[in-house]
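What follows is each chain in one-letter form.
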2 protein chains.
Amino acid sequence: MKQKYDDNARIIKALSDPSRLRIIDILSCGEKCACDILEHFDFTQPTLSHHMKVLMDCSIVECRKEGLWSYYYLNNNNCNRLILFLMNLITDTEDCICKDKSKCECK
Amino acid sequence: MKQKYDDNARIIKALSDPSRLRIIDILSCGEKCACDILEHFDFTQPTLSHHMKVLMDCSIVECRKEGLWSYYYLNNNNCNRLILFLMNLITDTEDCICKDKSKCECK
DNA sequence: TCCTCATATAGATGTTAATCTATATATGTT
DNA sequence: AACATATATAGATTAACATCTATATGAGGA
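On a predicted model such as this, the values are computed, not experimentally measured, just so you know.

*Asks:* Where do I start with the packing of helix α2 (residues 18-27) of chain A against helix α1 (residues 2-14) of chain B in this structure?
*Replies:* A pair of packed helices can be characterised by two numbers: the angle between their axes and the separation between those axes. The N-to-C vectors of α2 of chain A and α1 of chain B enclose an angle of 115°; their axes lie 8 Å apart at closest approach. Accordingly, the angle class assigned to the pair α2 of chain A and α1 of chain B is roughly perpendicular. By crossing handedness, the relation of α2 of chain A to α1 of chain B is classed as right-handed. Residues Pro 18, Leu 21, Arg 22 and Asp 25 of chain A of α2 of chain A form the contact with α1 of chain B, whose own contacting residues are Lys 2, Lys 4, Tyr 5, Asp 6, Asn 8, Ala 9 and Ile 12 of chain B. Along the lines of polarity and charge, the residues of the contact of α2 of chain A with α1 of chain B split into five nonpolar, one polar and five charged.

What follows is the structure in structure tokens.
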């Protein structure tokens, strides 16, 4: 249960950087290689490589190698899962933490 | 345009901590005072105060004072806005960054 | 007025993260 | 085999953050 928050917090942390949000937006219209993504930014190639690693480590982005190129693409299933988690979080649902009587005296 | 990513990244950063995700979950079933929220956690009262400040600074949570107590509650409108932003981000929409021909050679 | 209680702020500390330069790896070409 | 190109890794630096202890603020009650 606590794991649920940790796992999603890790994904959310990966998305908490403006540059990485832009990368997600760039990938939303289809897979792109690193050099195409890099054109949108002012930072260096190793910095992009770092950002892609962060996005891949939480399985929100995946990679396909082809010759010299790395093609990145969204894991749409995991993107949708994250949004479902957030919708669930802000909604008063059955698995809300408040329904855990043992730890909360909510009416 | 760039502002859009910065503003939402700030909200997402506020949500990128497991404890703050739990706080959102706790607030999803209605407003709570600080001491009720604190009961769910092992950290100290000043640490909770810090987390509430982070959540309030990005307008995802608001506060109502009543005597000695501070009652916190979700700003549902801003919660929904965030989810809409994310859904838009991962979807290939008209305002995708890729449609900006001046900066991207997407087919 | 003095005390108690709920919450906020200040300041310190250890950890994590974003970025850079330099270099490594691995594939394709001549 | 030697070289060029795309991407990844290593290591350093600076900034941001989560948490703590100590203290301040501000409202209610005796």
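*Asks:* Is there a simple way to explain α1 of chain B in this structure?
*Replies:* Each α-helix turn comprises 3.6 residues. Residues three or four places apart therefore point the same way. Here α1 of chain B is 13 residues long and its end C-alpha atoms lie 19 Å apart, about the 18 Å a rise of 1.5 Å per residue gives. Inspection of α1 of chain B places Tyr 5, Asn 8, Ala 9, Ile 11, Ile 12 and Ala 14 of chain B among the buried residues, and these make up the whole buried set.

*Asks:* For this particular structure, what's the right way to read the protein's contact with DNA strand C?
*Replies:* Inspection of the region around DNA strand C gives 23 residues, with Arg 20, Thr 47 and His 51 of chain A together with Gln 45 and Tyr 72 of chain B positioned closest. Among the atoms of DNA strand C lying within 4 Å of the protein, the sugar-phosphate backbone contributes 67%. One nitrogen or oxygen atom from the side chain of Thr 44 of chain A is found 2.9 Å from a phosphate oxygen belonging to DNA strand C. One of the side-chain N or O atoms of Ser 49 of chain B is found 3.1 Å from a phosphate oxygen in DNA strand C. Among the elements of the structure, α4 (45-57) of chain A together with α3 (34-38), α4 (45-57) and β3 (69-74) of chain B are those that each provide at least two residues to the surface near DNA strand C. Among the residues forming the surface near DNA strand C, the class breakdown is 10 nonpolar, eight polar and five charged.

*Asks:* Looking at this structure, I do not really get the interface of chain A and chain B. What am I missing?
*Replies:* One frequent convention defines the size of an interface as the accessible area lost when the parts assemble. Residue-level contacts link 44 residues of chain A with 45 residues of chain B. On the chain A side of the contact with chain B, Leu 21, Asp 25 and Ile 90 of chain A bury the most area, a combined 16% of that side's loss. Scanning the region where chain A abuts chain B turns up zero salt bridges. Where chain A packs against chain B, one counts six residue pairs in polar contact (both at pLDDT 80 or more). For the side of chain A that touches chain B, the secondary structure elements donating two or more residues are α1 (2-14), α2 and α5 (76-90) of chain A. Sort the elements by how many residues they give to the side of chain A that touches chain B and α5 of chain A lands first, with nine residues. Here the residues of the side of chain A that touches chain B sort into 22 nonpolar, seven polar and 15 charged.

*Asks:* Looking at this structure, I do not really get the state of the cysteines. What am I missing?
*Replies:* Disulfides are covalent bonds that connect the sulfur atoms of two cysteines. Residues and elements named next belong to chain A. Counted by the stated rule, this structure contains zero disulfides over all chains. Cys 33 forms no disulfide, and the closest cysteine sulfur to it belongs to Cys 35, at a distance of 3.1 Å. Owing to a relative accessible area of 5%, Cys 33 belongs among the buried residues under this scheme. In this structure Cys 58 is not part of a disulfide, and its nearest cysteine sulfur, from Cys 79, lies 9.0 Å away.

So, how was this worked out
- Residues numbered from 1 in each chain as written.
- Chains lettered and ligands numbered in written order.
- Predicted model: local features only at pLDDT ≥ 70, side-chain atom pairs only at ≥ 80, totals over all residues.
- Heavy atoms only, no water.
- Axes fitted to C-alpha atoms, helices over the stretch in contact; angles between N-to-C directions.
- Helix = DSSP H or I, 4+ residues; strand = E, 2+ residues; numbered from the N terminus.
- Parallel < 35°, antiparallel > 145°, perpendicular 65-115°, else oblique.
- Left-handed = near helix turned anticlockwise from the far one by under 90°.
- Contact = heavy atoms within 4.5 Å.
- Nonpolar A, V, L, I, M, F, W, Y, C, P; charged D, E, K, R; others polar.
- Expected span 1.5 Å × (residues − 1).
- Buried < 20%, exposed > 50% of the residue type's maximum accessible area, 1.4 Å probe, protein only.
- Near = heavy atom within 4 Å.
- Polar contact = N/O pair within 3.5 Å; in protein donor to acceptor, adjacent residues only side chain to side chain.
- Buried area = accessible area lost by both parts, 1.4 Å probe.
- Salt bridge = Lys/Arg side-chain N within 4 Å of Asp/Glu carboxyl O.
- Disulfide = S-S within 2.5 Å.

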